[in-house]
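Here are the chains, one letter per residue:
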Amino acid sequence: MGMIDIRHLQISFDGVPILRDVNLTVEKGRTLVILGTSGTGKSVLLKNIIGLIAADSGSIRIGGEEIIGMDPEDLYKLRRRMGYLFQGAALYDWMSVRGNLEFPLRRRELLDEGEIIARVTEQLRLVGLEDAIDKMPSQLSGGMRKRIGLARALITRPEIMLYDEPTTGLDPITGRDISHLIQHLQEQHTLTSIAVTHDIACARIIADRVAILDKGVICFEGTLDDMSGSTDTFVKRFIAAA
Amino acid sequence: MKAAYLRFAGLVGNTTGFAWRCLRDAFRPPYESKEILKHLDELGAKSLPLVGTTGLMIGLIIAIQSRPVLARFGAEMYVPAMVSISVVRELGPILTALMVTGRVGSGISAELGSMRVTEQIDALEVSGINSFRYLVVTRVIACTLLLPLLTGIVDVLAILGAFVAALTETHVSANLFFHSAVYSLWLRDIIPAILKTVVFGFIIGVIGCRQGYTVTGGTAGVGHASTNAVVTASLLILFTDLVLAKLTVLLWG
Ligand SMILES: Nc1ncnc2c1ncn2[C@@H]1O[C@H](COP(=O)(O)OP(=O)(O)OP(=O)(O)O)[C@@H](O)[C@H]1O
Ligand SMILES: [Mg+2]
């Protein structure tokens with residue numbers, strides 16, 4: 001059994017099915033990349049995994065714990081072991097960059113003042129934005145926000161990371177740097193991750209396995225090499241276009 | 001038509017549920033007192049100039065309007081009493097509530113609404129924070145505490161305003177004026193008025209937060225939410241005021 005186990009997951013909005021029957025497993029310390037066309041429900045799937053959207057039916061197990069129907073307090077506790085990078089970064093716009101990064105640490109009350117400052121500086125250095133520390137989110141570019149969002153998600157040293165398009169909106173060079181950073185942290189902290197991306201270059205760097213979501217089901221699952229050899233027409237079209 | 005009634009019933013149900021959740025969570029730890037103080041400070045500072053001006057103005061206006069009317073009955077000396085009683089019992093609470101609805105209620109719903117559409121509320125939830133308690137309950141508490149304070153300020157300024165009006169028209173002694181304004185007030189004028197402002201504050205907080213917190217439909221939805229918050233809260237406040245007025249008169253006269 002994997003660290004993340006998804007079985008027969010179904011979800012619909014206003015009667016329109018988005019996920020029909022999703023089955024996925026991610027082993028501890030591994031990274032699964034999910035590919036798929038825009039609007040197929042990749043973000044919805046990630047939000048399901050962290051309990052932001054309630055599924056219609058199915059099962060999502062994280063570290064063996066079933067999260068569908070979980071008591072809200074337990075869900076909050078579980079989420080503290082997880083990190084989530086939002087597609088739009090979702091920075092708190094009433095706080096500076098510093099405030100955004102300190103916030104999850106202060107709420108957890110595990111570190112003292114000095115450790116918090118050190119941790120914030122370290123995270124900003126990792127994403128290459130030390131100069132932005134006193135800026136407000138509205139003063140940042142889209143790509144900068146994304147990187148601050150990444151720093152905020154990782155600052156609590158989660159065991160499980162969910163990335164929604166970590167490199168979208170970044171220039172190719174920064175995108176590659178961020179992919180390498182994700183890969184590096186992965187190895188250093190044995191994170192278990194799921195990353196949604198359209199960026200094949202990023203997938204090449206971070207993925208242990210890839211899955212393709214299409215029409216509400218996982219139509220391919222395997223390594224990137226398997227993917228290149230796949231005979232599935234949708235997979236072929238997807239690779240040809242990438 | 002039937003659909004409209006059903007929608008209305010649904011709305012009432014949802015809002016009641018939301019209000020109940022606020023009440024219940026307000027009395028459960030952790031209390032987030034730092035957040036509450038922050039909101040009190042921000043919302044108070046935001047409304048003070050507006051509310052202060054309102055107070056002075058209504059004092060001036062009622063004094064100017066009531067003097068000739070009372071003079072008709074040879075009751076000019078009742079101007080201070082007339083002002084203080086009408087302001088404390090009714091005008092202070094209702095005008096403050098309506099002004100704060102326009103200023104703060106709409107602001108809260110726009111703020112929470114934009115947090116919702118930009119997924120900042122989801123971001124709080126994801127980092128293990130109960131966003132309802134952190135964002136909603138703290139604001140509702142702040143509004144509930146704020147309204148009695150602001151109303152008190154309005155009442156005092158209104159009586160001052162009335163005194164200014166009196167000064168320009170006749171020769172009055174400050175001593176006599178304030179003595180008459182204050183001693184004509186009974187406890188039964190003051191206590192129900194304070195209780196009522198608490199209810200108004202709660203309404204402003206709950207409606208403003210509900211509209212914003214449950215926004216759907218992106219940025220356009222945020223605009224609707226904030227207009228709706230003002231309309232709904234204003235109507236609800238007027239209606240509540242009517243019910244409470246009747247109730248108080250029945251109980252205390
Ligand atoms: N809260 C919601 N209410 C109704 N429909 C929704 C909601 N969230 C998402 N959807 C619908 O679900 C579908 C999948 O959305 P999702 O955001 O998961 O797409 P995506 O695969 O992440 O696309 P992209 O690559 O563009 O980010 C879309 O058709 C969207 O309209
Ligand atoms: Mg998406």
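Structure report, in brief. (Residues numbered from 1 in each chain as written. Chains lettered and ligands numbered in written order. Predicted model: local features only at pLDDT ≥ 70, side-chain atom pairs only at ≥ 80, totals over all residues. Heavy atoms only, no water.)

## Remarks on the site of ligand 1
Residue and element names in this part refer to chain A.
Item 1. Taken together, Phe13, Ile18, Ser38, Gly39, Thr40, Gly41, Lys42, Ser43, Val44, Gln87, Glu165 and His198 form the complete shell of residues around ligand 1.
Item 2. In the environment of ligand 1, an oxygen atom lies 3.2 Å from a nitrogen or oxygen atom belonging to the side chain of glutamate 165.
Item 3. Interatomic distance of 3.0 Å between a side-chain N/O atom of histidine 198 and an oxygen atom of ligand 1.
Item 4. Here ligand 1 loses 59% of its free accessible area of 630 Å² to cover by the protein chains.
Item 5. It is helix α1 (residues 42–49) that contributes the most residues to the shell around ligand 1, 3 residues altogether.
Item 6. Class assignment for the residues of the shell around ligand 1 results in 3 nonpolar, 7 polar and 2 charged. (Near = heavy atom within 4 Å. Polar contact = N/O pair within 3.5 Å; in protein donor to acceptor, adjacent residues only side chain to side chain. Areas by Shrake-Rupley, 256 points an atom, 1.4 Å probe, with all protein chains shown as cover. Helix = DSSP H or I, 4+ residues; strand = E, 2+ residues; numbered from the N terminus. Nonpolar A, V, L, I, M, F, W, Y, C, P; charged D, E, K, R; others polar.)

## Quick word on the environment of proline 49 of chain B
Item 1. Here proline 49 of chain B is to be found in helix α2 (residues 33–72).
Item 2. Separated by 68 residues in the primary sequence, proline 49 of chain B and valine 117 of chain B have C-alpha atoms spaced 31 Å apart.

## Section: the packing of helix α3 (residues 79–117) of chain B against helix α8 (residues 218–252) of chain B
When two helices pack together, you describe them by how their axes are tilted relative to each other and by the distance separating the axes.
All names here are of chain B.
Item 1. Viewed as axis vectors pointing N to C, α3 and α8 meet at an angle of 155°, and their least axial separation amounts to 8 Å. Between α3 and α8, the crossing angle belongs to the class labelled roughly antiparallel. Considering the relative orientation of α3 and α8, their crossing is right-handed.
Item 2. Class assignment for the residues of the contact of α3 with α8 results in 13 nonpolar, 10 polar and 3 charged. (Axes fitted to C-alpha atoms, helices over the stretch in contact; angles between N-to-C directions. Parallel < 35°, antiparallel > 145°, perpendicular 65-115°, else oblique. Left-handed = near helix turned anticlockwise from the far one by under 90°.)

## Regarding the coordination of the magnesium ion (ligand 2)
Each donor-metal-donor angle in an ideal tetrahedron of four donors is 109.5 degrees, and each such angle in an ideal octahedron of six donors is either 90 or 180 degrees.
All names here are of chain A.
Item 1. Coordination of the magnesium ion (ligand 2) by the protein is provided by Ser43 (OG) and Gln87 (OE1), with metal-donor distances spanning 1.9 to 2.2 Å. One end of the pair, serine 43, is in helix α1; the other, glutamine 87, is in the loop between β6 (82–85) and α3 (97–108), with 44 residues separating them in the sequence.
Item 2. Exposure remark for serine 43: the relative accessible area of 19% places this residue in the buried category.
Item 3. Assessed through its relative accessible area of 37%, glutamine 87 is described here as partly exposed. (Donors = N, O, S within 2.8 Å, 3.2 Å for Na, K, Ca; no water. Buried < 20%, exposed > 50% of the residue type's maximum accessible area, 1.4 Å probe, protein only.)

## Observations concerning the packing of aromatic side chains
Item 1. The final tally for this structure, using the stated rule, is 10 aromatic pairs over all chains.
Item 2. Pairing tyrosine 92 of chain A with tryptophan 94 of chain A gives two aromatic rings, centres 5.2 Å apart and planes at 40°, and the pair type is tilted.
Item 3. Here phenylalanine 163 of chain B and phenylalanine 178 of chain B contribute two aromatic rings whose centre-to-centre distance is 4.9 Å and whose plane-to-plane angle is 45°, an arrangement assigned as tilted. Here phenylalanine 163 of chain B, found in helix α5 (residues 131–169), pairs with phenylalanine 178 of chain B, found in helix α6 (residues 174–183); they are 15 residues apart in sequence, far enough to count as distant.
Item 4. When its relative accessible area of 12% is taken as the criterion, phenylalanine 163 of chain B is described as buried.
Item 5. Residue classification places phenylalanine 178 of chain B among the partly exposed positions, given a relative accessible area of 27%. (Phe/Tyr/Trp six-rings, centres within 6.5 Å; stacked < 30°, edge-to-face > 60°.)

## A few points about α1 of chain A
All names here are of chain A.
Item 1. Of all 8 residues that make up α1, 8 are buried, and the element is covered over most of its length.
Item 2. Among the residues of α1, Lys42, Ser43, Val44, Leu45, Leu46, Lys47, Asn48 and Ile49 are the ones counted as buried.
Item 3. Downstream of α1 by one or two residues, glycine 51 has phi in the positive range, about 80°.

## Some points on the packing of α3 of chain A against helix α4 (residues 113–126) of chain A
Residues and elements named next belong to chain A.
Item 1. Between α3 and α4, the shortest axis-to-axis distance is 10 Å and the interhelical angle comes to 125°. The orientation of α3 relative to α4 falls into the category oblique. The element α3 and its partner α4 pack so that their crossing is right-handed. Between α3 and α4, the contacting residues are Val97, Leu101, Glu102, Leu105 and Arg106 on the first element and Glu113, Ile116, Arg119, Val120 and Leu124 on the second. (Contact = heavy atoms within 4.5 Å.)

## A word on the nonpolar core
Item 1. With 96 residues, the main nonpolar core has Ile6, Val22, Leu24, Leu45 and Ile49 of chain A together with Val136 of chain B as its most contacted residues.
Item 2. By residue number, the principal contributor to this core is α5 of chain B, which donates 18 residues.
Item 3. Those residues within four positions of isoleucine 49 of chain A in sequence are excluded, and the remaining contacts are Ile4, Ile6, Ile60, Ile62, Ile67, Met82, Leu162 and Ile194 of chain A.
Item 4. Leu35, Leu185, Ala207 and Leu224 of chain A belong to the second-largest nonpolar core, a separate cluster that totals 44 residues. (Core = buried A, V, L, I, M, F, W, Y, C linked by side-chain atoms within 4.5 Å.)

## Concerning the pairing of strand β4 (residues 57–62) of chain A
All names here are of chain A.
Item 1. Where strand β1 (residues 4–13) lies against β4, 5 bridges are found, and the strand directions are antiparallel. From the neighbouring strand, arginine 7 faces β4, where its bridge partner is serine 59.
Item 2. Pairing of β4 with strand β5 (residues 65–66) involves 2 bridges; the strand directions are antiparallel. Its bridge partner lying in β5, isoleucine 62 is registered against glutamate 65. (Pairing = 2+ DSSP bridges.)

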